[in-house]
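Topology and contacts: notes
So you can see what is in the structure, the chains are spelled out below.
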Amino acid sequence: MTIRIDQLLSAPLFLSPQLVGDQIFFMSNRSGPLSLWVMDATGGRPEPLLPPDVALLTPKLTFGQVFVALPSLGVIVVMVDRNGDELTQPCLIPIGGGRPRPLFGDRFAGQQVQLAELDADGRGSIWVDPRVRPEQEAYHIEVADPTLVPLGSSRHGSIPVGHDADRGRYLLVDEYTGNDTTLWLSDSDGGHRRLLHGVPLDQRPAGRPVPLTGFGQGWFVDDDRSVLVETTRFDDLGGLGLLPLASPEALAPVAVTGAVHRGVGEREPGTMRLAGDQFLVGYNVDGVSWGYRATLDLRQSTMRLDQVLWGVGELADGVVQHRHHDRASGRFAVAFSSALTPAQVA
């Protein structure tokens, strides 16, 4: 293999780490194009998992996840396009590496598929832009026995942003312009969408403004009677809202307490549910990433920031490009960079 001189003079990137047991899977350009690698969690020599002619898209420019390792199924789901055409397809490779093969055959050939999220059991959701008609589509998927279940379609997104525990119900977002969104509920038994909150574009009175909701990720809480959702409805810098499913028009703010950072803090999208009422909440504070372990208190309608995960110590004064929580061990893997260092895995 020929090594270019610029590869020797510039530090490689380490992006989108996923901690699984005693291994870390990640993306890197250490061999030239962005590819998929694995190494021991304690360090060591990374090993490539994709052929050298397969390049991955930059994760910052894609929606959802570029890859997910599924050790229990012995495979990795990786999103691959063809020579940079950005028509990404969900593909499988063995957990030890190999050449990608399409998960759903040619079902989505010529279409752009985005992996919204995927759990360790191989169940998740995708968002599809068919590129031949205006309606975009959402699907529930299962990897073990490749399965597609329609969740609904829309000309304005139908983006899957959350689900209940058994994935019988999904939350979908339609987005018309920046922060102008509506929130929908869909079941995985027929893909019927029901409006929860907001005013669809075709139902708006002419000349009458509507509140900008800016919906993001959502989670079923309170024994699935309510939805916690990211929203800009109450704060342009981002926040959280609580929406009872019995009266979804009654969206109420969730106060965030316990922050220790100083300066202007914009809430980073991608709040993560760790377990039960435990969440990961992130902020961009004057260009610096801060992450907190937080507890949701439904009685007080507050999110209490309990522990600083990054923003201090060795992970201070920099940017967290991606973070992953290993539920089995409770550990985190992050890609961290600063003005002095390129993105590295920590």
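Heads up: these notes are all about the structure in this document.

This part covers the pairing of strand 9 (residues 112-118). The buried fraction of strand 9 is high, at seven of seven residues. Pairing analysis gives six bridges linking strand 9 to strand 10 (residues 123-129), with the strands arranged antiparallel. By the bridge assignment for strand 10, Leu 115 is matched with Ile 126. Hairpin connection between strand 9 and strand 10: a loop of four residues separates the two successive antiparallel strands, and Gly 122 in this loop has a positive phi of roughly 90 degrees.

This part takes up the packing of aromatic side chains. Aromatic ring pairs are described here by two measures, namely the spacing of the ring centres and the angle between the planes. A complete count under the given rule lists eight aromatic pairs for this structure. Judged by centre distance (5.7 Å) and plane angle (70 degrees), the ring pair of Phe 108 and Tyr 139 falls under edge-to-face. Of the two residues, Phe 108 is situated in the loop between strand 8 (101-102) and strand 9 and Tyr 139 in strand 11 (residues 136-142); the sequence distance between them amounts to 31 residues. Geometrically, the ring pair formed by Tyr 283 and Tyr 292 is edge-to-face, given 6.1 Å between the ring centres and 85 degrees between the ring planes. Here the two residues Tyr 283 and Tyr 292 agree in accessibility, since each one is buried.

Spatially, 26-27-28 is the arrangement adopted by the three strands of the open sheet, whose pairing is antiparallel. A single partner strand is all that each edge strand has here, and the edge strands are strand 26 (319-326) and strand 28 (344-345). As judged from the seven bridges shared by strand 26 and strand 27 (residues 331-337), these two strands associate in the antiparallel manner. The residue of strand 27 that forms the bridge with His 322 is Ala 335.

Moving on, we come to the nonpolar core. With 20 residues, the main nonpolar core has Phe 25, Leu 36, Leu 56 and Ile 76 as its most contacted residues. Elements with a contribution of two residues or more to this core: strand 1 (14-20), strand 2 (23-28), strand 3 (35-40), strand 5 (67-70), strand 6 (75-80) and strand 7 (89-94). In terms of residue count, the dominant contributor to this core is strand 6 (three residues). Setting aside its immediate chain neighbours within four residues, Phe 25 contacts Ser 16, Pro 17, Gln 18, Val 20, Trp 37, Val 38, Leu 49, Phe 67, Ala 69, Ile 76 and Ile 95.

Conventions we followed
Residues numbered from 1 in each chain as written. Predicted model: local features only at pLDDT ≥ 70, side-chain atom pairs only at ≥ 80, totals over all residues. Heavy atoms only, no water. Buried < 20%, exposed > 50% of the residue type's maximum accessible area, 1.4 Å probe, protein only. Helix = DSSP H or I, 4+ residues; strand = E, 2+ residues; numbered from the N terminus. Pairing = 2+ DSSP bridges. Phe/Tyr/Trp six-rings, centres within 6.5 Å; stacked < 30°, edge-to-face > 60°. Core = buried A, V, L, I, M, F, W, Y, C linked by side-chain atoms within 4.5 Å. Contact = heavy atoms within 4.5 Å.

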